[in-house]
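# What the coordinates show
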Amino acid sequence: MAKRSLAVIVLAAGQGTRMRSSLPKVLHEVAGKAMVRHVLDAAADLKPQRSVVVLGRGMERVASAVAPAAIAIQDPPQGTGDAVRAAMGALKGFAGDVLVLYGDTPLLTPDSLKRMLAARRGKSDPAVVVAGFTPADPAAYGRLLLDKRGSLQRIVEFKEANAEERQVRFCNAGLMVLDGARLPKLLKQLSNDNAKGEYYLTDLVHLARVAGWDCRAVEADAIDVMGVNNRVELAEAEAHLQNRLRRAAMENGVTLVAPETVFLRSDTKLGRDVVIEPHVVFGPHVRVADNVVIRAFSHIEGASIASGATIGPYARLRPGADIASDAHIGNFVEIKNASIEAGAKVNHLTYIGDARVGAKANIGAGTITCNYDGFNKSHTDIGKGAFIGSNSSLVAPVKIGDGAIVAAGSVIVRDVPADALGLGRGQQVEKPGFAARFRSQKQKQKQKQKKK
């Protein structure tokens, strides 16, 4: 067949009451991304000409999350067939293929959708193509009944299936590709003459067969078409997607020492020859270049890490952390909205926030950039080659010049010029013999208490 245009309809009007949440079900995240966005992103790989998301009344949060897709409102909800009818206004004049998806299936892959689309564009020119799967336990899923030629005869719901039909293990996943030219006619014939009084999309198969049109079923991986209805299934989907992300990372040249303990986000970008030790968690918007080592128990979000850097163990990189090549961020170090330039070392027990640490500077243990006065955030600038002694507090706004030294234990409230020594601590006083007299006094007091 000639190349055809594609439209995507995503059904997302359900309230998701089994999630027990004030957050709409399709906005619950898997690997840091809302489920409905996973669906739209998978479909985007097919380059659809139009995308429509069907919502219920009052679902503005979902509408914002799916932008720039068009929105259709189903009010009141009257089944899946009614939801597709609600979307037809946004598809006026469209006669290409229409892919119908669900907003709570976050594990969909472009490959699964492409197989469905290929079947729709096959020689038999089917009016309806349905995605099926073979679960380990068919349970109460609807069954897909095929004839000897492989055409889909009908979809039978479990409650209506006879004993022989219930033995069929090929089940309905709900996803469909429909011929947009024939879809309006089929939708007009839908009836709600059933126990629930709803319009079922699955009835399109029967209507198409009555019209003499072919219907087909394409088998998808059971994980790909997994729907999420509650928190247990949300956790299962997270586990499946984490395994995919870990495998993809390793196949692209990343070493995961203990893969099952590393948690990635959908947008995590990792270079080659990156080594990630156990129990590392990635938040959103992380970019890691080649040859980086991330040691155990580190937490990284909103950060960029350049080639050759070493992070951790027990490091926390917060949004705006920009770690340059060959820099070292050590154990129990927190970096926030700060650039650590090439070769600089922040090795332990330190907080660097709203700051710049110059190339090859060395930050001693216990250093704090005091960036917040309760009202405003201020900046600390540490020059290249500077040395900040342990247990120093740099009270922003303040600048430490290139090559300057800040003595250990200092509180620095004024700029330190380049190559100067900054010293800001109380004068040390010694009292000879005090310790011996103190101990003797305390021992005499204890003896008196015992006599009493």
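Quick look at the structure, then.

Parameters at a glance
Residues numbered from 1 in each chain as written. Predicted model: local features only at pLDDT ≥ 70, side-chain atom pairs only at ≥ 80, totals over all residues. Heavy atoms only, no water. Helix = DSSP H or I, 4+ residues; strand = E, 2+ residues; numbered from the N terminus. Rg over C-alpha atoms; globule rule 2.2 N^0.38 Å. Buried < 20%, exposed > 50% of the residue type's maximum accessible area, 1.4 Å probe, protein only. Contact = heavy atoms within 4.5 Å. Phe/Tyr/Trp six-rings, centres within 6.5 Å; stacked < 30°, edge-to-face > 60°. Lys NZ or Arg CZ within 6 Å of the ring centre and 35° of its normal. Arc of directions from axis to C-beta. Disulfide = S-S within 2.5 Å. Salt bridge = Lys/Arg side-chain N within 4 Å of Asp/Glu carboxyl O. Pairing = 2+ DSSP bridges.

## A short note on the overall build of the chain
Counting secondary structure elements, the chain contains nine helices and 33 strands. Taking 2.2 N^0.38 as the reference for a compact globule, 452 residues should give roughly 22 Å; the C-alpha atoms of the chain span a radius of gyration of 32 Å, well beyond that estimate. Across its three principal axes, the chain shows a C-alpha extent of roughly 105 × 65 × 40 Å. Out of the 452 residues belonging to the chain, those deemed buried represent 45%. In the chain, the proportion of contacts linking residues at least 24 apart, taken out of those at least 6 apart, comes to 43%.

## Remarks on the packing of aromatic side chains
Tallied over the full model, the rule gives four aromatic pairs. Aromatic pair F133 and Y141: ring centres 5.0 Å apart, planes at 80°, arrangement edge-to-face. Residue classification places F133 among the buried residues on the basis of a relative accessible area of 7%. With a centroid separation of 5.0 Å and 5° between ring planes, the pair formed by F297 and Y314 is classed as stacked. Of the two residues, F297 sits in the loop between β17 (293-294) and β18 (299-300) while Y314 sits in the loop between β20 (310-311) and β21 (316-317), which places them 17 residues apart along the sequence. For Y314, a relative accessible area of 39% translates into the label partly exposed. An aromatic cluster is defined as three or more aromatic residues linked by ring pairs; in this entry it consists of F297, Y314 and F332. Taking NZ or CZ as reference, R85 lies 4.2 Å from the ring centre of Y199, over its face.

## Here's the deal with helix α4 (residues 110-120)
Those residues of α4 that sit buried are S112, L113, M116, L117 and R120. Axial view of α4: buried residues confined to an arc of 135°, hence all on one face. Opposite the buried face of α4, by more than 90 degrees, sit the exposed residues D111 and A118. Elements in contact with the buried residues of α4: β1 (6-11), α1 (35-44), β6 (97-102), β7 (128-133), β10 (171-179) and β11 (215-219).

## Notes on the state of the cysteines
For the coordinates displayed, the defined rule picks out zero disulfides. In this structure C215 is not part of a disulfide, and its nearest cysteine sulfur, from C171, lies 18 Å away.

## Here we look at the pattern of salt bridges
By the definition in use, this model includes 27 salt bridges. The partner of D41 in a salt bridge is R37, and the shortest N-O contact between them spans 3.4 Å. Placement of the pair is D41 and R37 together in helix α1, with a separation of four residues, close to one helical turn. Residue R37 is classed as partly exposed on the basis of its relative accessible area, which comes to 23%. The network of salt bridges with common partners includes R4, D97, R120, R121, D125, D179 and R182.

## As for the pairing of β6
Counting buried positions over the six residues of β6 gives six, a clear majority of the element. Residues D97, L99 and L101 of β6 are buried on one face, and the alternating residues V98, V100 and Y102, pointing to the opposite face, are buried as well. As paired elements, β6 and β10 share four bridges and run antiparallel to each other. When the bridges of β10 are listed, L99 appears paired with V177.

## Points about the environment of A303
Mapped onto the secondary structure, A303 falls in the loop between β18 and β19 (304-305). Exposure remark for A303: the relative accessible area of 3% places this residue in the buried category. Separated by 19 residues in the primary sequence, A303 and P284 place their C-alpha atoms 8.7 Å from one another. Residues in contact with A303, not counting those within four places in the same chain, are H285, V286, R287, L317, R318 and A321.

## Observations concerning the environment of G383
You can see G383 is positioned in the loop between β27 (380-382) and β28 (387-388). Contacts of G383, omitting those with residues within four sequence positions, involve R356, G358, A361, I400, G401 and D402.

## Quick word on unusual backbone geometry
Across the junction of A67 and P68, the peptide omega takes the value 10°, indicating a cis bond. Inspection of the secondary structure assignment puts P68 in the loop between α2 (60-66) and β5 (70-73). P397 follows A396 through a cis peptide bond whose omega is 0°. Note on placement: P397 falls in the loop between β29 (393-395) and β30 (398-400). Positive phi values are uncommon outside glycine, yet D125 reaches one of about 50°.

## Observations concerning the side chain of H28
Tracing the sequence through the fold places H28 in the loop between β1 and β2 (29-30). Those residues within four positions of H28 in sequence are excluded, and the remaining contacts are M19, S21, L23, K33, A34, M35, R231 and L234.

Honestly, that's just the spatial picture; any functional story needs more than this.
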